[in-house]
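The chain contents come next:
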Amino acid sequence: MFTQGVSFQFIAVASLLLMASCSQVENADIPPVVKALEEQGLIVKNEFQVEGGLRAFASVAGDRPIAVYVLANGNAIVGTRLNAKAEPIDEQTLQSLVVQPIRDQGWAELESAKWVLDGKADAPRVVYVFTDANCPYCHQFWTASRPWVDAGKVQLRHLLVGIIKEDSPTKAAAILGASDPSAALQENEIKYDQGGIKPTDSVPDDVQKILDDNQRLMLSQGFRGTPGIIVRDEKGLIQKYGGMPQRGELAEVLGPR
């Protein structure tokens, strides 16, 4: 049934069936089994060519690329094809058809969101950071990034959220409502060990909308906590890092010093 030397690695996907059975409708654009998976939440982006008598569909669940292979009998396998050396075969195809277009769209959403600039506006490398004013790991990243930011090589664009402590929203309001939000963010970081910036008494409606929008955007980008870091690498590909980058990852995020 399969091309010699090709095997399959099954991937568990929440709310998806790993093996589904359905009689395939002749000449249908999308096989019934794929339509069934779409009803369960899978988003099918493109069909692509593979060998072995299979029909292959590049799909996505959340921010995760998923390949669906439909067999001649109408059954489907959800997973990653491997060659005889146990190497993924269609990884680059999924990247080009699914991952990068989604991330490009996400990058455009980041650009149009309400963020606070940290660094020079003409710095060549742009790094987006979902930040909570009370987040210790956000503060660690802010401290670690100073050599790059101060040298004018990197600009951080902080998308503030208020999720860690009770006064996180009011601290965010103090930053976003300041006459100079960049200076207010810097004040919060410099005074972090002493409690940070003084919170406001309440959160204005317009600031609350920004916080809500940023939190929704953070979740849509696949982050459940702060910091959530997004950057384009030297090849123009969008990379994501959850939490404080490890020592080896810091240069990946911020570039050469």
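Residues numbered from 1 in each chain as written. Predicted model: local features only at pLDDT ≥ 70, side-chain atom pairs only at ≥ 80, totals over all residues. Heavy atoms only, no water.

## A word on the overall build of the protein chain
This is how the line gets drawn: Numbered from the N terminus, helices here are DSSP runs of H or I no shorter than four residues, and strands are runs of E no shorter than two. Categorising residues by exposure relies on relative accessible area from a 1.4 Å probe, with only protein chains included: less than 20% of the type maximum marks a residue as buried, more than 50% marks it as exposed, and the intermediate range marks it as partly exposed. Whether two residues are in contact is decided by their heavy atoms, any of which lying within 4.5 Å being enough. Areas reported here follow the Shrake-Rupley algorithm with a probe of radius 1.4 Å; residue values treat only the protein chains shown as occluding.
In terms of regular secondary structure, the protein chain is built from 8 helices and 11 strands. Counting across all 257 residues of the protein chain, residues that qualify as buried make up 46%. Pairs at least 24 residues apart make up 66% of the contacts formed inside the protein chain by residues separated by at least 6 positions. Total accessible area computed for the protein chain in this model is approximately 13300 Å², and 50% of it derives from carbon and sulfur atoms.

## Quick look at the sheet that holds strand β11 (residues 238–242)
Worth spelling out the cut-off: At least two bridges found by DSSP between two strands is the condition for calling them paired. Helix axes use the C-alpha atoms of the stretch in contact, all axes being lines fitted to C-alpha atoms, and the angles between their N-to-C directions lie in the range 0 to 180 degrees.
An order of β7-β9-β8-β10-β11 is seen for the 5 strands of this open sheet, with the pairing classed as mixed. The open sheet terminates on both sides in strands that have one partner only, identified here as β7 (116–118) and β11. Here the strands of the sheet are splayed against their neighbours by 20° on average, with no regard to which way each runs. Where β7 and strand β9 (residues 154–161) come together, 3 bridges link them in antiparallel fashion. Counted as the bridge partner of V116 is H158 from β9. In the packing of helix α6 (residues 181–190) onto the sheet, contacts are made with β7 and β9, and the angle to β7 comes to roughly 65°. Helix-sheet contacts for helix α7 (residues 205–220) involve β8 (125–132) and β9, and the interaxial angle to β9 is about 110°.

## Looking at the confidence of the model for the protein chain
The condition is simple: pLDDT is a residue-level measure of predictor confidence that goes from 0 to 100.
When pLDDT is averaged along the protein chain, the result is 86, and 88% of the positions lie at 70 or above. For the stretch residues 1–28, pLDDT sits under 50, and the model shows 72 contacts to residues farther than four places along the chain or on other chains.

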